[in-house]
Amino acid sequence: MAEVTVVAPAGAGGPGRPYEPAPGRGGRLREGLRGYGLIVGMWIRSTMTYRMSFLLATFGNAAITALDFVAIAVMFSHVDALGGFTLPEIALLYGACSASLGLADLLLGNTDRVGARIRDGSLDTMLVRPVPLLAQVAADRFALRRLGRIAQGLGVLGWALAVLDVDWTPGKVLLVPVMVVAGAGIFGGVLVAGAAFQFVAGEAAEVQNSFTYGGCTMLQYPPTVFAKELLRGVTFVVPLAFVNWLPALYVLGRPDPLGLPGWVAYLSPLVAFAVFLPASLAWRAGVRSYRSTGS
């Protein structure tokens, strides 16, 4: 296979000259965010051309994801508690996880198509554009209808917070939005890591989805129903427990099954950074090792 030579179009570094991003890490980040915003804006304008279609798609997205919580509610028509947790407490877990995954899926969900782009050669087209590749991959075909999952998750979360009898403190009030945003960061790091893995595995979207959609399904249920070996794995190996389990346990005043101290609940933003940093490095390594599909 021939190696790709990234060449910028005229005006983006000179005709025939390799494209080089703005110097410095901060310059590359600003450039990536700007390119991401421009591409996202283009897709949003395209979506808003057919507003009724957008509204119906968003409502359908919310309704489909709501079926997961409906199944949980039906289960509670036969039991009073699951693993010692009541329906509003599980609603807190469900709403936080669903909103976090929805936000990550909205911003970075299209990274799962990297393997398909490698196979059909469309990734080569992105490489010659004067915009960082990750920004293009994440923003391409930006699906605003995914707001439905976020709205549905936030709705369930709001209901849970309204009916739960929580001893609120300033720290717990702050922890709720931090839990949702940091959880989105953790899922986002998993999405980027999965996309980087597709440079090696070719088609690994299902593996990526098992940690995101599958992980969120697991996090919708209380940690007390799972074995401690699994809890250790999702706390210290793939730290999905920091998405909602550990922060929610602290908000509810419940002890952690692994005996971790309460202040660990506030580490979610640091964990999100710890997940995203190696994922971004893996992505850069994957892009550098990429070879064109050829002609």
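This text goes with the structure placed above it.
Since the structure is predicted, the reported quantities are computational estimates derived from the model, not experimental observations. (Residues numbered from 1 in each chain as written. Predicted model: local features only at pLDDT ≥ 70, side-chain atom pairs only at ≥ 80, totals over all residues. Heavy atoms only, no water.)

(A) Focus on the overall build of the protein chain. Per the secondary structure count, the protein chain includes twelve helices and zero strands. Helices and strands appear in the protein chain in the N-to-C order α-α-α-α-α-α-α-α-α-α-α-α. Here the protein chain, with 295 residues, has 44% of them falling under the buried criterion. Restricting to contacts in the protein chain with at least 6 residues of sequence separation, those with at least 24 account for 76%. Looking at the protein chain as shown, the accessible area adds up to about 14,700 Å², and 66% of this sits on carbon and sulfur atoms. (Helix = DSSP H or I, 4+ residues; strand = E, 2+ residues; numbered from the N terminus. Buried < 20%, exposed > 50% of the residue type's maximum accessible area, 1.4 Å probe, protein only. Contact = heavy atoms within 4.5 Å. Areas by Shrake-Rupley, 256 points an atom, 1.4 Å probe, with all protein chains shown as cover.)

(B) Fine view of the packing of aromatic side chains. Here the structure, examined in full by the defined rule, presents five aromatic pairs. The interplanar angle of 65° and the centroid separation of 5.3 Å between the aromatic rings of Phe199 and Trp283 together place this pair among those described as edge-to-face. Note that Phe199 is positioned in helix α8 (residues 170-201) and Trp283 in helix α12 (residues 268-289), a separation of 84 residues in sequence. For the pair Phe199 and Trp283, one class covers both residues: buried. When the centroid spacing of 6.0 Å and the interplanar angle of 65° are considered together, the rings of Phe199 and Tyr290 count as edge-to-face. Here Phe199 is found in helix α8, whereas its partner Tyr290 is found in the segment after α12, with 91 residues between them in sequence. You can call Phe199 buried: its relative accessible area is 15%. Directly above the ring of Tyr250 sits Lys172, whose terminal nitrogen or CZ lies 5.9 Å from the centroid. A cation over a ring is seen here: Arg254 above Phe85, with NZ or CZ 4.1 Å from the ring centre. (Phe/Tyr/Trp six-rings, centres within 6.5 Å; stacked < 30°, edge-to-face > 60°. Lys NZ or Arg CZ within 6 Å of the ring centre and 35° of its normal.)

(C) How the structure looks around the packing of α8 against α12. Look at α8 against α12: their axes get within 8 Å of each other, and the N-to-C directions meet at 20°. The orientation of α8 with respect to α12, classified from their angle, is roughly parallel. The chirality of how α8 crosses α12 is left-handed. Here α8 contributes Val178, Ala182, Gly185, Ile186, Gly188, Gly189, Val190, Val192, Ala193, Ala195, Ala196 and Phe199 to the contact with α12, which in turn contributes Ser268, Pro269, Val271, Ala272, Val275, Phe276, Ala279, Ser280, Ala282, Trp283, Gly286 and Val287. The residue inventory of the contact of α8 with α12, partitioned by class, reads 18 nonpolar, six polar and no charged. (Axes fitted to C-alpha atoms, helices over the stretch in contact; angles between N-to-C directions. Parallel < 35°, antiparallel > 145°, perpendicular 65-115°, else oblique. Left-handed = near helix turned anticlockwise from the far one by under 90°. Nonpolar A, V, L, I, M, F, W, Y, C, P; charged D, E, K, R; others polar.)

(D) Seen up close, helix α3 (residues 87-108). For α3, built from 22 residues, the straight-helix expectation of 32 Å at 1.5 Å per residue is met to within 8% by its first-to-last C-alpha distance of 31 Å. A large share of α3 lies buried, amounting to 19 of its 22 residues. (Expected span 1.5 Å × (residues − 1).)

(E) Broad picture of the nonpolar core. Counting 73 residues, the largest nonpolar core has Leu123, Phe187, Leu219, Leu240, Trp245 and Trp283 as its most contacted members. Filtering out sequence-adjacent residues up to four positions away, Leu123 remains in contact with Arg117, Ile118, Leu133, Val137, Phe199 and Tyr290. (Core = buried A, V, L, I, M, F, W, Y, C linked by side-chain atoms within 4.5 Å.)

(F) Just a nonpolar patch on the surface, in detail. A surface patch of nonpolar side chains, amounting to about 380 Å² of accessible area, comprises Phe197, Val200, Val207 and Phe211. Counting residues per element, the ones that place at least two in the nonpolar patch are α8 and α9 (205-219). (Patch = residues over 30% accessible without salt bridge, like charges linked within 9 Å, V, L, I, M, F, W, Y side chains within 5 Å. Salt bridge = Lys/Arg side-chain N within 4 Å of Asp/Glu carboxyl O.)

(G) Region of the structure containing the environment of Val192. You can see Val192 is positioned in helix α8. Residue Val192 is classed as buried on the basis of its relative accessible area, which comes to 0%. Expressed as a C-alpha distance, the spacing of Val192 and Asp112, which sit 80 residues apart in the sequence, is 8.5 Å. Setting aside chain neighbours within four positions, we find Val192 in contact with Leu108, Phe276, Ala279, Ser280 and Trp283.

(H) Broad picture of helix α2 (residues 51-75). Taking 1.5 Å of rise per residue, the 25 residues of α2 would be expected to cover 36 Å, and the 37 Å separating its terminal C-alpha atoms lies within 8% of that figure. Leu67 marks the point of greatest bend in α2, at about 30°. Buried within α2 we find Phe54, Thr58, Ala62, Thr65, Phe69 and Ile72. (Bend = angle between axes of the 7 residues up to and from the residue.)

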